[in-house]
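Now for the letters of each chain:
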Amino acid sequence: MAVSPLVLPGAAEKGGPTAKSKLQSAAASSNGTPNAAQSSTEVNDVAEQMNEDEKAKYVKGKKLGEGTYANVYLGHISSSPSSLVAIKKIKVQQQYTEGMAPDAIRELKFLQELSHPNIISLISVFSSKDQNINLVLEFLPMGDLEMLIKDTSGVRYGMADIKAWMGMLSRAVWFCHENFVLHRDIKPNNLLIAADGEVKLADFGLARSFSDPYRLMTSTVITIWYRPPELLFGARQYSGAVDVWSVGLVFAELVIRVPYLQGINEVDQIAKLCMGVGTPTEENWPGVSKLPDYTVPAPPSPVMGIDHYLSMFGTVGQEGVDLLMKMLIMDPRRRITARQVLEHGWWSSDPRATKNEDLPKKGGGESKVAEDLGRRPGMVDDERAGKVARKLDFGGMR
Amino acid sequence: MAANYWESSQRRHWLFTREQLDDLRKKLEDQGQDLVQGYPLPQLRHLSIYFNQQIARLGKRLGVRQQAMATAQLYIRRFYSKVEIRQTNPYLVIATAVYLACKMEECPHHIRLVVSEGRNSWPDFFSGDTSKLGECEFFMISEMSSQMIVHHPYRTLTSLQGIFSLTQEESALAWSIINDHYMTDLPLLYAPHTVAIMAILLALVLRPNQTGVQSVGPAVGSIASAAQAALSSVHSSKPGSSDKQNAGPRTKVQRLANWLAESNVDIEDLVDCTQEIISFYEFQEQYNEKLTREQINRFVKARGLDK
């Protein structure tokens, strides 16, 4: 599949290490189910050998960090010590009693299928003898967008740079939606930066496929600063529009360099949203009052007009502001889609997006890689805790 | 369903030719010859019917939706293409497949619930220890190379039923033929859309009558020839030549044939696919549940796999 609907076929074929045959892994048969007979010792050694071969392709280096459900190691390809990879070793929970962590499963599930220059690639998977699953991921040493945004004294960037980053993010999101995947946790610190400047969407621990019609999904996803109004109001059926809202807020944050809507809890988030975007009402969003958790502070504030956005986000120009406003349309049915985002006039208006090699950089270093990959989905850094996407209720969720 | 079938791990890694599949299985048998000789088992089709029944039992207790049960069945089939069945406790594998499939299809159940229902279903063969299932889950994910997204024919059926103006009965019959195909090797051999079209074709040929869906079993021979006839008309039909607008089932078959003639669907595949399911229905008549159960239980007990 093409990298973007607007790119000519062929232009799409480049990009990071693509994950072709993502491993033929195999744990020893004797481990999965107990077996008493001895005749079994040689069984499965073909599969085992394949796993060993795959494992031997990578050298696991020092531990970069520890996360809730995974440890992250620096590694490299055995035959080429300069080709670095990140190896994410998924911890087995308490001697298996809880089953495989749902986040780990989601991540595996989607990264196995999605291959795109702006989505972190899963290069391989192998299991190690201590019964851990190891994800070999591309090494993204340059930190994440959040670091760039926050480093207001060290990193300066302009509209052309924002356009480049937003372009890469928008292509990643379009690709997810085109493949019927909702990411559900888009935010600056899930946007990692490769050595060549390419932005890669990471952390699919909250992702899921589009629901079948009439089947419900959980509304407690997406870190609250980036959570759209329909989810704040408890909608159980939703679409790619939820991710587009998050993209809009990343856009806004890139411009003003602080999160645009920083609520301290869900109620406060709604209040911030009403002030910063406008109060959702039956007039601007027919049907909104029927959503299960619909409550808004009185009196309603009007939907912010173009003047407000121009005064705050004017650095991205008229077209840029227009795109931002369309991403922040409250009614998800009217919000711009990921595809329409890519068709917007902003991309082709001047200035053109900065080339990757000219984008501002800030070395993230190894510890940042570990932090980025080891974080639990839906979480922000510790000092920002409290705004965490509620942990998925995996047991009762339908 | 997620992602794109044409780029999927299912198409790239889990689609085999019949020869490849036979080779895989032969290799497994060769590696464990003593086991294979010591513990004879019924043919794979009959084992699959048994697994299907057991999944349905467990699924019913847990309230699992059809699509997750279909995914579970495919996981089991993939798993046993890599692992000799006599090395495993099939009941544990079944429960694990259901547990994992439910996670995958976004209708998860807690591991403790699955284990306790497994224990209720097969008290003599199932440990109450959740870590066994957790361990088996790990094993299964590894054997499947952590490729877990499965594309099913149901969606194709849903989107084509309008085009061929299927009645509710015809759709339901096609749907149940798709359910049945998980008891065969078809999901490892053909693309989901091929299976869906096969199901539609058979549903039209079988022509559910007013008194309800006629049972598939008895008329296998005549179904085969009717399906054959329909398919051969694909080759002869010139696009647009004979599309009369009567609504009778005969015309529907004709319309399907015309549609196929203009499509990129591989007709040879469709013929093979049809034959496979028909011969499955034949073998289904010889299925002996008691014998199958006994043979499975025998090696599980004798080898202490239920511990």
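To be clear, the structure that these remarks concern was listed above.
Worth saying up front: this structure is predicted, and the values here are computed from it rather than measured.

(A) Inspection of the overall build of chain A at higher detail. The helix and strand tally for chain A stands at 12 helices and nine strands. Relative to its full complement of 398 residues, chain A shows a buried share of 59%. Look at the contacts in chain A between residues 6 or more apart in sequence, and 68% of them connect residues 24 or more apart. Summed over all atoms, the accessible surface of chain A reaches about 15,700 Å², with 54% contributed by carbon and sulfur.

(B) Inspection of the overall build of chain B at higher detail. In terms of regular secondary structure, chain B is built from 16 helices and zero strands. Here chain B holds 307 residues, and the buried ones make up 61% of them. Nonlocal contacts in chain B, meaning residues at least 24 apart in sequence, comprise 80% of its contacts between residues at least 6 apart. Accessible surface computed for chain B: about 12,000 Å², of which carbon and sulfur atoms make up 49%.

(C) Expanded view of the side chain of B:Ser81. All names here are of chain B. With respect to the secondary-structure elements, serine 81 resides in the loop between helix 5 (66-79) and helix 6 (90-104). A polar side-chain atom of serine 81 sits 2.6 Å from the main-chain carbonyl oxygen of arginine 78. Leaving out residues up to four positions away in the same chain, serine 81 has contacts with Trp14, Leu24 and Leu28.

(D) Seen up close, the pairing of strand 2 (residues 70-77) of chain A. All names here are of chain A. The buried fraction of strand 2 amounts to six of the eight residues, a majority that puts the element mostly inside the structure. Sheet topology places strand 1 (residues 58-66) next to strand 2; six bridges connect them, and they run antiparallel. In the strand pairing of strand 2, glycine 65 is matched with valine 72. Pairing of strand 2 with strand 3 (residues 80-90) involves eight bridges; the strand directions are antiparallel. For leucine 74, the partnering residue across the bridge sits in strand 3 and is alanine 86. Hairpin connection, strand 2 to strand 3: the antiparallel pair is bridged by two residues.

(E) Spotlight on the environment of B:Thr17. Residue and element names in this part refer to chain B. When you line up the elements, threonine 17 lands in the loop between helix 1 (9-13) and helix 2 (18-31). With relative accessibility at 38%, the residue threonine 17 sits in the partly exposed group. Sequence spacing of threonine 17 and leucine 189 is 172 residues, and the spatial spacing of their C-alpha atoms is 6.0 Å.

(F) Structural detail: the nonpolar core. Ranked by internal contacts, the top residues of the largest apolar core, which has 202 residues, are A:Met166, A:Phe251 and B:Tyr75. Grouped together as the second largest cluster of nonpolar side chains are seven residues, A:Tyr73, A:Ile87, A:Phe126 and A:Val136 included.

(G) Here's a closer look at the state of the cysteines. Residues and elements named next belong to chain B. Within this structure, the stated rule accounts for zero disulfides over all chains. The closest cysteine sulfur to the non-disulfide-bonded cysteine 107 is located on cysteine 102, 4.3 Å from its own sulfur. Here cysteine 107 falls in the buried class, since its relative accessible area comes to 5%.

(H) Broad picture of the packing of aromatic side chains. Counted according to the given criterion, the structure contains 23 aromatic pairs over all chains. Ring centres 6.2 Å apart and planes at 45 degrees place the aromatic pair A:Phe233 and A:Trp285 in the tilted group. Highlighted residues: A:Phe233 in the loop between helix 6 (229-232) and helix 7 (241-256) and A:Trp285 in the loop between helix 8 (266-276) and helix 9 (306-313), separated in sequence by 52 residues. Like A:Trp285, A:Phe233 is buried. With centroids separated by 5.0 Å and ring planes inclined at 55 degrees, the aromatic side chains of A:Trp346 and A:Trp347 adopt a geometry described as tilted. As far as burial versus exposure is concerned, A:Trp346 and A:Trp347 are alike and both buried. Ring pairing ties together the aromatic residues B:Tyr50, B:Tyr91, B:Trp122, B:Phe125 and B:Phe126, which thus form one cluster. One residue, A:Lys60, lies across the ring of A:Tyr73, its end atom 4.7 Å from the ring centre.

(I) Local environment of the environment of B:Lys27. Residue and element names in this part refer to chain B. Of note, lysine 27 is situated in helix 2. Judged by relative accessible area, lysine 27 falls into the partly exposed class, the value being 46%. When the C-alpha atoms of lysine 27 and lysine 82 are compared, they prove to be 9.3 Å apart, with 55 residues separating the residues in sequence.

(J) Spotlight on helix 8 of chain A. All names here are of chain A. Listing the buried residues of helix 8 in full gives Asp268, Gln269, Ile270, Leu273, Cys274 and Gly276. Contact partners of the buried residues in helix 8: helix 6, helix 7 and helix 9. The residue sitting at the N-terminus of helix 8 and contributing the capping side-chain oxygen is asparagine 265; that oxygen lies 3.2 Å from the backbone nitrogen of valine 267. Just downstream of helix 8, glycine 278 is the residue with a positive phi angle, here 135 degrees.

Scoring rules and cut-offs
- Residues numbered from 1 in each chain as written.
- Chains lettered and ligands numbered in written order.
- Predicted model: local features only at pLDDT ≥ 70, side-chain atom pairs only at ≥ 80, totals over all residues.
- Heavy atoms only, no water.
- Helix = DSSP H or I, 4+ residues; strand = E, 2+ residues; numbered from the N terminus.
- Buried < 20%, exposed > 50% of the residue type's maximum accessible area, 1.4 Å probe, protein only.
- Contact = heavy atoms within 4.5 Å.
- Areas by Shrake-Rupley, 256 points an atom, 1.4 Å probe, with all protein chains shown as cover.
- Polar contact = N/O pair within 3.5 Å; in protein donor to acceptor, adjacent residues only side chain to side chain.
- Pairing = 2+ DSSP bridges.
- Core = buried A, V, L, I, M, F, W, Y, C linked by side-chain atoms within 4.5 Å.
- Disulfide = S-S within 2.5 Å.
- Phe/Tyr/Trp six-rings, centres within 6.5 Å; stacked < 30°, edge-to-face > 60°.
- Lys NZ or Arg CZ within 6 Å of the ring centre and 35° of its normal.

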